[in-house]
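Architecture and fold: a report
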Amino acid sequence: MTDAFYIPDGDRYVATEHTRGPWSPNHQHGGPPAALIAHAVEATAPELTIAMITVDFLRPVPIERLGVRVETLRAGSKVQRVIGTLLHGDTAVAHAVLTLVRATGVEVPTVRDEAPLPPPEASEPFQFPFFREPSGYHTAMESRLALGPFGRGRVAVWMRQRVPLLPDTAPSPVERVLVAADSGSGVSAGIEHASHTAINFDLTVALSRPLEGEWVGLDSVSTYEPVGLGLADTRVLDVRGPIGRALQGLVIERRPDAR
């Protein structure tokens, strides 16, 4: 297995088994595709900072050869909006709207009224229990449980990549965040995954500053409703403190093979 989530192939990217998600052996976790879209957008505007991204997962993303199409929606001097479309062949499998900002340094007080997480080195090693395959996204990421216990309401986990997004290329701060951020609903999973699924149909991440270091902290709470909908609300942190927020809409279903 190649030690990266994707292998460049001309103007496309071949997904590896490291992208495999928990719901199907043939489909990707949402984190790597979101990061791949951001990678393509960052390459078009390296002088700008991605401050917000909303990814709509239009259909399951296959572990196959993919392309990214980037289009400018608004080309402002300080704020730009870009559309990134993930393609399988000519079919769109994910669609993202990104807000890019030309950030400039400014002296301003930073107010933080949220408690920090215990640091990664003081957190216990953790493995997501609901992945069914021996290898995939869950083995390509190192995870540490900062607040728990898992499966009971609010949970916080530190995550960092064991493999890069692309071979021999250091991930950018926003790529690191996005690879991890789609795990918020899994971090705070409060349903029995043997009988139910909670699949997110989108991911929104808003950032107030770039990630520092390799570790991404996800401090998450998921809510579920009898109508079959749910919401995962995640505080995103680095080792210095909060850096943003992630939100995921969820579809709750009973597994057809559940007893």
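For the structure, check the block above.
Below: a short report on this structure. (Residues numbered from 1 in each chain as written. Predicted model: local features only at pLDDT ≥ 70, side-chain atom pairs only at ≥ 80, totals over all residues. Heavy atoms only, no water.)

1. Quick look at the packing of helix α1 (residues 31-44) against helix α3 (residues 173-181)
Between α1 and α3, the least distance of the axes is 7 Å, while the angle of their chain directions is 160 degrees. One element, α1, and the other, α3, form an angle in the roughly antiparallel class. Here α1 and α3 pass one another in a crossing that is right-handed. Two secondary-structure elements touch here, α1 through Gly31, Pro32, Ala34, Ala35, Ala38, His39 and Glu42 and α3 through Val174, Glu175, Leu178 and Val179. Here the residues of the contact of α1 with α3 are counted per class, giving seven nonpolar, two polar and two charged. (Axes fitted to C-alpha atoms, helices over the stretch in contact; angles between N-to-C directions. Helix = DSSP H or I, 4+ residues; strand = E, 2+ residues; numbered from the N terminus. Parallel < 35°, antiparallel > 145°, perpendicular 65-115°, else oblique. Left-handed = near helix turned anticlockwise from the far one by under 90°. Contact = heavy atoms within 4.5 Å. Nonpolar A, V, L, I, M, F, W, Y, C, P; charged D, E, K, R; others polar.)

2. Thoughts on the pairing of strand β9 (residues 155-161)
Within β9, six of the seven residues are buried, leaving the element largely enclosed by the surrounding structure. Alignment of strand β8 (residues 141-147) against β9, held across six bridges, turns out to be antiparallel. Counted as the bridge partner of Ser143 is Met159 from β9. Of the pairings in the sheet, the one linking β9 to strand β12 (residues 216-224) comprises five bridges and is antiparallel in character. For Val155, the partnering residue across the bridge sits in β12 and is Ser220. (Buried < 20%, exposed > 50% of the residue type's maximum accessible area, 1.4 Å probe, protein only. Pairing = 2+ DSSP bridges.)

3. Comments concerning α1
For an α-helix, 3.6 residues make a turn, and residues three or four places apart therefore share a direction. Its 14 residues give α1 an end-to-end C-alpha distance of 21 Å, which sits within 8% of 20 Å, the value for a rise of 1.5 Å per residue. Most of α1 is tucked away: eleven of the 14 residues are buried. Among all positions in α1, only Gly31, Pro32, Pro33, Ala34, Ala35, Leu36, Ile37, Ala38, His39, Ala40 and Val41 are buried. (Expected span 1.5 Å × (residues − 1).)

4. Quick word on the pairing of strand β11 (residues 202-207)
With five of six residues buried, β11 is to be regarded as a mostly interior element. As paired strands, strand β3 (residues 49-57) and β11 are joined by five bridges and run antiparallel to one another. Bridge pairing links Val55 to Leu203 in β11. Both β11 and strand β14 (residues 241-254) contribute to a ladder of four bridges, which runs antiparallel. Across the sheet, Leu207 pairs through a bridge with Gly244, a residue of β14.

5. With respect to the packing of aromatic side chains
Counting across every chain of the model gives eight aromatic pairs. Between Phe126 and Phe128 the ring centres are 5.2 Å apart and the planes differ by 75 degrees, which places this aromatic pair in the edge-to-face class. On the basis of relative accessible area, Phe126 is assigned to the buried category, the value being 15%. Taken together, a centroid distance of 5.6 Å and an interplanar angle of 20 degrees make the contact between Phe130 and Phe131 stacked. Taken as a pair, Phe130 and Phe131 share a single burial class, namely buried. Connected via pairs of aromatic rings, a cluster forms that spans Phe5, Trp23, Phe126, Phe128, Phe130, Phe131, Tyr137 and Phe150. (Phe/Tyr/Trp six-rings, centres within 6.5 Å; stacked < 30°, edge-to-face > 60°.)

6. Focus: the side chain of Asp182
The topology assignment puts Asp182 in the loop between α3 and α4 (184-187). Look at Asp182: it is buried, it has no salt bridge, and the nearest opposite charge is Arg255 at 14 Å. Within polar-contact distance, the side chain of Asp182 engages the backbone nitrogen of Gly30 at 3.2 Å. Sequence-distant contacts of Asp182, that is, excluding residues within four places in its chain, are made with His29, Gly30, Gly31, Phe57, Asn200, Leu203 and Gln248. (Lys, Arg positive; Asp, Glu negative; His and termini not counted. Salt bridge = Lys/Arg side-chain N within 4 Å of Asp/Glu carboxyl O. Polar contact = N/O pair within 3.5 Å; in protein donor to acceptor, adjacent residues only side chain to side chain.)

7. Observations regarding the nonpolar core
Of all hydrophobic cores here, the largest spans 58 residues; its most connected members are Phe5, Tyr6, Leu86 and Val205. In terms of residue count, the dominant contributor to this core is α1 (seven residues). Ignoring any residue separated from it by four or fewer positions in sequence, one finds Leu86 in contact with Pro33, Leu36, Ile37, Val61, Leu66, Gly67, Val68, Thr91, Ala92, Val93 and Ala94. With six residues, the next largest nonpolar core counts Leu117, Trp158, Trp215 and Leu237 among its residues. (Core = buried A, V, L, I, M, F, W, Y, C linked by side-chain atoms within 4.5 Å.)

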